[in-house]
Amino acid sequence: MRIKAYAKINIGLDIVGIREDGYHLVDMVMQTVDLYDELEIEPRDDGRIVITCDTPGVPTDGKNLAVKAARALLSEEDERGVSIFLKKHIPSQAGLGGGSSDAAAVLKALNELYALGKSDEELEAIGAKLGADVPFFIRGGCRRCQGIGEILSPAQDDHGDFVIIVKPEAGASTKEVYAAYDRLECKPDTDNVLEAVTARMFPVITEIKDRLLAAGASLAGMTGSGTAVYGIFREKPSDLVISDIKRRYNNVFVVKKTKETL
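Okay, so let's go over this structure. Every value quoted in this text rests on a predicted model; they were computed, and no experiment measured them. Along each chain, residue indices are assigned from 1 in the same order as the chain's sequence is written. In view of the model being predicted, local features appear only for residues whose pLDDT reaches at least 70, and side-chain atom pairs are presented and counted only at 80 or more, with totals across whole chains, interfaces and linings using the full set of residues. As a rule here, side-chain values cover all heavy atoms of the structure and leave hydrogens and water aside.

## Points about the overall build of the protein
And then number 1: A tally of regular secondary structure across the protein gives eight helices and 10 strands.
And then number 2: Expressed as lengths along the three principal axes of its C-alpha atoms, the size of the protein is roughly 55 × 45 × 35 Å.
And then number 3: Three labels apply to residues, based on accessible area from a 1.4 Å probe with only protein chains included: buried if under 20% of the type maximum, exposed if over 50%, partly exposed otherwise in between. For the protein, the residues scored as buried account for 50% of the 262 residues in total.
And then number 4: Pairs at least 24 apart in sequence give 72% of the contacts found in the protein among residues at least 6 apart.
And then number 5: In short, Shrake-Rupley with a 1.4 Å probe defines the accessible areas, and a residue's cover is counted only from the protein chains shown. When the accessible area of the protein is evaluated, it comes to approximately 12,800 Å², of which 46% is carbon and sulfur surface.
And then number 6: This count recognises Lys and Arg as positive and Asp and Glu as negative, with His and chain-terminal groups excluded. Taken as the charge location is NZ of Lys, CZ of Arg, CG of Asp or CD of Glu. Taking the average location of the 33 positive side-chain charges in the protein and that of its 41 negative ones, the two points are 3 Å from each other. Helix and strand definitions follow DSSP, with helices as H or I runs of at least four residues and strands as E runs of at least two, each counted in order from the N terminus. Whether two residues touch is decided by their heavy atoms; if any such pair falls within 4.5 Å, the residues are in contact.

## Observations regarding unusual backbone geometry
And then number 1: The residue after glycine 226, namely threonine 227, is reached through a cis peptide bond having omega 15 degrees.
And then number 2: With respect to the secondary-structure elements, threonine 227 resides in the loop between strand 8 (219–222) and strand 9 (229–233).
And then number 3: In this structure, glutamine 93 is a non-glycine residue whose phi angle is positive, near 50 degrees.
And then number 4: Residue placement: glutamine 93 occurs in the loop between strand 4 (81–87) and helix 2 (98–113).
And then number 5: By relative accessible area, which is 47% here, glutamine 93 ends up partly exposed.
And then number 6: Positive phi outside glycine occurs at alanine 115, with the angle close to 50 degrees.
And then number 7: Looking at the element boundaries, alanine 115 is found in the loop between helix 2 and helix 3 (120–128).

## Some points on the layout of surface pockets
And then number 1: Approximately 1,300 Å³ is the volume attributed to the largest pocket.
And then number 2: Using only the protein atoms, space was sampled on a 1 Å grid; points where a 1.4 Å probe fits but cannot get out form cavities, open sets with protein on both sides within 12 Å along at least five of seven lines form pockets, and lining residues are those with an atom within 4 Å of a point. Contributing to the lining of the largest pocket are 46 residues, with Leu65, Gly99, Ser100, Asp133 and Thr174 lying nearest its centre.
And then number 3: Secondary structure elements with two or more residues in the lining of the largest pocket: strand 1 (2–18), strand 2 (24–44), helix 1 (65–74), helix 2 and helix 5 (174–183).
And then number 4: Per-element accounting of the lining of the largest pocket gives the leading share, four residues, to helix 2. Grid points are joined across faces, edges and corners, and a volume is the space filled by probe spheres set on the points.

## A few points about the pairing of strand 6 (residues 151–154)
And then number 1: One bridge is not enough; two strands pair if DSSP finds at least two bridges between them. As paired strands, strand 5 (residues 142–147) and strand 6 are joined by four bridges and run antiparallel to one another. Paired with glutamine 146 across the strands is isoleucine 151, a residue of strand 6.
And then number 2: Where strand 5 folds back on strand 6, the antiparallel hairpin that results is connected by three residues, among which glycine 149 adopts a positive phi of roughly 110 degrees.

## Here's the deal with the nonpolar core
Proteins that are soluble and globular tend to have nonpolar side chains buried together.
And then number 1: If you look at the biggest cluster of nonpolar residues, it comprises 64 residues, and the most contacted ones within it are Leu39, Ile41, Val106, Leu110 and Leu194.
And then number 2: Among all residues touching leucine 110, those that are not within four sequence positions of it are Ile41, Ala70, Leu73, Leu74, Val82, Ala115 and Leu116.
And then number 3: Formed by 16 residues, the second largest nonpolar core is a distinct cluster that contains Ala7, Ile11, Leu96 and Val255. Residues belong to one nonpolar core when they are buried, are Ala, Val, Leu, Ile, Met, Phe, Trp, Tyr or Cys, and are joined through side-chain atoms within 4.5 Å.

## Focus: helix 2
And then number 1: Taking 1.5 Å per residue as the helical rise, helix 2 with its 16 residues ought to reach 22 Å, and the 22 Å between its terminal C-alpha atoms agrees with that figure.
And then number 2: Extensive coverage of helix 2 is indicated by the burial of 13 of its 16 residues.
And then number 3: In the segment just after helix 2, alanine 115 is the residue with positive phi, at about 50 degrees. Residue count minus one, scaled by 1.5 Å, sets the expected span of a helix.

## Let's talk about the sheet that holds strand 10 (residues 251–256)
Working definition: the strands of a sheet are paired by backbone hydrogen bonds and lie parallel or antiparallel to each other.
And then number 1: Read across the sheet, four strands follow the order 8-9-7-10 without closing on themselves; strand pairing throughout is antiparallel. Among the strands making up the open sheet, the edge pair consists of strand 8 and strand 10. With strand direction ignored, the average angle separating the axes of adjacent strands in the sheet is 15 degrees.
And then number 2: By the bridge criterion, six bridges tie strand 7 (residues 162–167) to strand 10 in an arrangement that is antiparallel. Bridged to lysine 167 within strand 10 is asparagine 251.
And then number 3: Orientation is described by lines fitted to C-alpha atoms, with helices fitted over the stretch in contact, and by angles between N-to-C directions that extend from 0 to 180 degrees. Running over the sheet, helix 7 (residues 204–214) touches strand 7, strand 8 and strand 9 and is turned about 10 degrees from strand 9.

## Here's the deal with the packing of aromatic side chains
And then number 1: Only rings of Phe, Tyr and Trp enter the pairing, Trp through its six-membered ring, and a pair is recorded when the two centres are within 6.5 Å. The plane angle decides the type: under 30 degrees is stacked, over 60 is edge-to-face, the rest tilted. Taken as a whole, this structure holds two aromatic pairs when the rule is applied.
And then number 2: Seen from the ring of tyrosine 181, lysine 187 lies directly overhead, with NZ or CZ sitting 4.5 Å from the centre. Think of it as a cone above the ring: NZ of Lys or CZ of Arg counts as a charge over the ring if it is within 6 Å of the ring centre and within 35 degrees of the ring normal.

In structure tokens:
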């Protein structure tokens, strides 16, 4: 089975509290885009979960969210394993949700491959134990995500369907960004409250955002905890705009929004 695991952008990200166990309570609006990883999944009858990847540095052991997803779903299935080949296109440490999307894709694929009969809600509940973004990726599209990411409801963004994503060379650690946010005495009042934190570490984020807005984006901002920055356009950006952005930055993706995947 060959499947695609789509990236996401955060239209908004607010932190509304912290649970006693340390998990942040969030209120986010996320949207999938057609930048994606590719996964090839084959069944195994020896109970093993094996993953290989074409990109150096991506973990191929139990630290990989795709492996954790497979273990979570197959833990009660005797002798059922899986081989996963992961072809990466979504940059890491970007706030684009690549690892979470890979995990959700594995949950959906194994559910179908082994005819496990899990509902979307059951897959989302499993995904919530793996990471805050995983439940969202079970369906994708545009959705509001609350709680620790597990409370989902339909949402809509009317800023346009065309998206330019720019990933700076530097990457941000989600754990470090949230920790830096927690240390702030005065919390930012912005569409993405983490943007102010990460932009202090990497001023190029603000530079990219301003450039995308100047190029005609109806909305621009950092996604997730960063460092990727997106601009949403109502009309397809001109070749001149795209070439100018690509001339200035190395990692540029010109994509469109996607609808729900299920």
